[in-house]
Amino acid sequence: MKIGVCGTGRMGSAIAQRLMSVGHEVGVWNRNPEKTKPLVDAGAKLFGSPADLVEGCEVTVVILLNDTAIEAVYHAPNGILKARLAGKLLIDMSTVRPDTMKSSGSAVLQQGATFVECPVGGTVGPAKEGKLLGLVGGARSDVVRAMPILEQLCRRTEHVGDIGSGSMMKLAVNLPLLVYWQALGEALTICKPLNLPADRLIDILSDTSGTPTAMRGRGPAIAKVLGGAPPGETAFGLAAAKKDLACALQFAASIHAELPVTASALACFEEAEAAGLGDADATSVSTHWTQRSGKS
């Protein structure tokens with residue numbers, strides 16, 4: 001099948017690699033064409049615009065950074081909505097506000113295409129292996145059409161409602177983990193007087209009921225940074241995590257809900273980003289807090 005990937009950042013590139021590995025012909029487009037080069041070198045076809053990508057593929061997977069990018073890529077003069085959409089299938093895997101997803105999906109559906117949202121839980125590694133958690137929103141018949149592809153990308157797919165529902169669920173999924181990374185930094189700060197080796201401290205904290213499963217993969221990397229090593233590979237960028245917390249707060253405000261812990265965590269992520277950690281892994285908020293607290 002010819003499948004386009006619109007947006008080849010960390011996750012988009014990993015998804016494109018997964019689709020190629022299971023035998024699909026993959027087309028790619030990105031606002032910065034340089035980010036498509038490894039995929040093109042591996043056999044993907046480069047398209048000149050989002051509209052060209054959609055028209056040249058049977059299915060297009062959209063995975064963009066934020067709401068601003070969605071607005072630009074869908075509505076640009078050569079954007080998705082300028083393509084001949086009738087009969088096409090679009091699967092949007094971006095993590096954005098539910099209202100943004102609803103607006104984009106509605107515009108696509110009005111032009112005779114099938115639209116399904118499927119923001120995903122997981123990072124680059126699971127994306128390459130087809131082991132993401134898919135949080136699906138859309139009409140049941142449309143989801144059925146998209147499911148064969150989603151099953152190649154996800155270890156589990158949950159159809160949680162109409163368009164916008166998947167975005168709501170994704171914000172809810174990310175929120176506790178991101179708050180945890182800040183809470184971990186605070187926990188590490190009050191452990192400073194113990195003077196325990198970083199790897200031992202992380203091992204103890206990891207073996208508790210309050211620890212998320214993500215610590216299994218990220219704990220050793222956090223320990224290394226605490227021990228003085230440079231930050232390792234970014235699995236989920238801190239700037240993207242900050243954006244997700246902001247989206248959660250914006251959506252909560254729209255339904256008259258209060259998220260005081262999330263608001264505090266967002267301020268800490270904003271501080272870490274201002275300190276130059278935007279491109280680092282989201283777990284850098286933990287180590288940043290221990291260093292910051294040590295200077296106060």
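Up top is the structure.
Residues numbered from 1 in each chain as written. Predicted model: local features only at pLDDT ≥ 70, side-chain atom pairs only at ≥ 80, totals over all residues. Heavy atoms only, no water.

Draft legend 1. Examining the overall build of the protein chain more closely. Scanning the protein chain from N- to C-terminus turns up 13 helices and 9 strands. Radius of gyration (C-alpha) of the protein chain: 20 Å, near the 19 Å computed for a compact globule of 296 residues. Seen through its C-alpha atoms, the protein chain measures out along the principal axes to roughly 65 × 45 × 30 Å. The buried share of the protein chain, taken over its 296 residues, is 51%. Within the protein chain, contacts between residues at least 6 apart in sequence are counted, and of these 66% link residues at least 24 apart. For the protein chain, the computed accessible surface area is about 13,600 Å², with 53% contributed by carbon and sulfur atoms. (Helix = DSSP H or I, 4+ residues; strand = E, 2+ residues; numbered from the N terminus. Rg over C-alpha atoms; globule rule 2.2 N^0.38 Å. Buried < 20%, exposed > 50% of the residue type's maximum accessible area, 1.4 Å probe, protein only. Contact = heavy atoms within 4.5 Å. Areas by Shrake-Rupley, 256 points an atom, 1.4 Å probe, with all protein chains shown as cover.)

Draft legend 2. Just the layout of surface pockets, in detail. The computed volume of the second largest pocket comes to approximately 210 Å³. Leu-188, Cys-191, Lys-192, Leu-194, Asn-195, Leu-196, Ala-198, Leu-201, Leu-226, Thr-290 and Gln-291 together form the lining of the second largest pocket. Of all the secondary structure elements, the ones that give two or more residues to the lining of the second largest pocket are helix 9 (198–206) and helix 13 (284–295). (1 Å grid on protein atoms, 1.4 Å probe; cavity = no way out; pocket = protein on both sides within 12 Å on 5 of 7 lines; lining within 4 Å. Points joined across faces, edges and corners; volume = space filled by probe spheres on them.)

Draft legend 3. Up close: the packing of helix 4 (residues 67–75) against helix 5 (residues 98–109). The contact between helix 4 and helix 5 brings their axes to 10 Å, and the two run at 15°. One way to sum up the angle between helix 4 and helix 5 is to call them roughly parallel. Crossing hand, helix 4 versus helix 5: left-handed. Only Thr-100, Ser-104 and Val-108 of helix 5 make contact with helix 4, whose side of the interface consists of Asp-67, Ile-70 and Tyr-74. Split into classes, the residues belonging to the contact of helix 4 with helix 5 amount to 3 nonpolar, 2 polar and 1 charged. (Axes fitted to C-alpha atoms, helices over the stretch in contact; angles between N-to-C directions. Parallel < 35°, antiparallel > 145°, perpendicular 65-115°, else oblique. Left-handed = near helix turned anticlockwise from the far one by under 90°. Nonpolar A, V, L, I, M, F, W, Y, C, P; charged D, E, K, R; others polar.)

Draft legend 4. Representation of the environment of Arg-140 within the structure. Relative to the helices and strands, Arg-140 is located in helix 7 (residues 140–153). Sequence-wise, Arg-140 and Asp-199 are 59 residues apart; in three dimensions their C-alpha atoms are separated by 47 Å.

Draft legend 5. Looking closely at empty space enclosed by the protein. According to the stated counting rule, one finds 1 cavity of 30 Å³ or more in the structure shown. Approximately 110 Å³ is the volume found for the largest cavity. Lining the largest cavity are Arg-218, Ala-221, Ile-222, Val-225, Pro-231, Gly-232, Glu-233, Ala-280, Asp-281, Thr-283, Ser-284 and Thr-287. Secondary-structure elements contributing two or more residues to the lining of the largest cavity are helix 10 (214–226) and helix 13. Taken together, the residues of the lining of the largest cavity break down into 5 nonpolar, 4 polar and 3 charged.

Draft legend 6. Fine view of the pairing of strand 5 (residues 89–92). Burial of the side chains of strand 5 extends over both faces: Leu-89 and Ile-91 are buried on one face and Leu-90 and Asp-92 on the other. Where strand 4 (residues 59–62) lies against strand 5, 4 bridges are found, and the strand directions are parallel. The residue of strand 5 that forms the bridge with Thr-60 is Leu-90. At this point the chain moves from strand 4, through helix 4, to the parallel strand 5, and the crossover so formed is right-handed. Pairing of strand 5 with strand 6 (residues 114–117) involves 4 bridges; the strand directions are parallel. Across the sheet, the residue bridging to Leu-89 is Thr-114, located in strand 6. Where the polypeptide runs from strand 5 across helix 5 and back to strand 6, its parallel neighbour, the crossover connection is right-handed. (Pairing = 2+ DSSP bridges. Right-handed = clockwise from strand over helix to strand, strands pointing away.)

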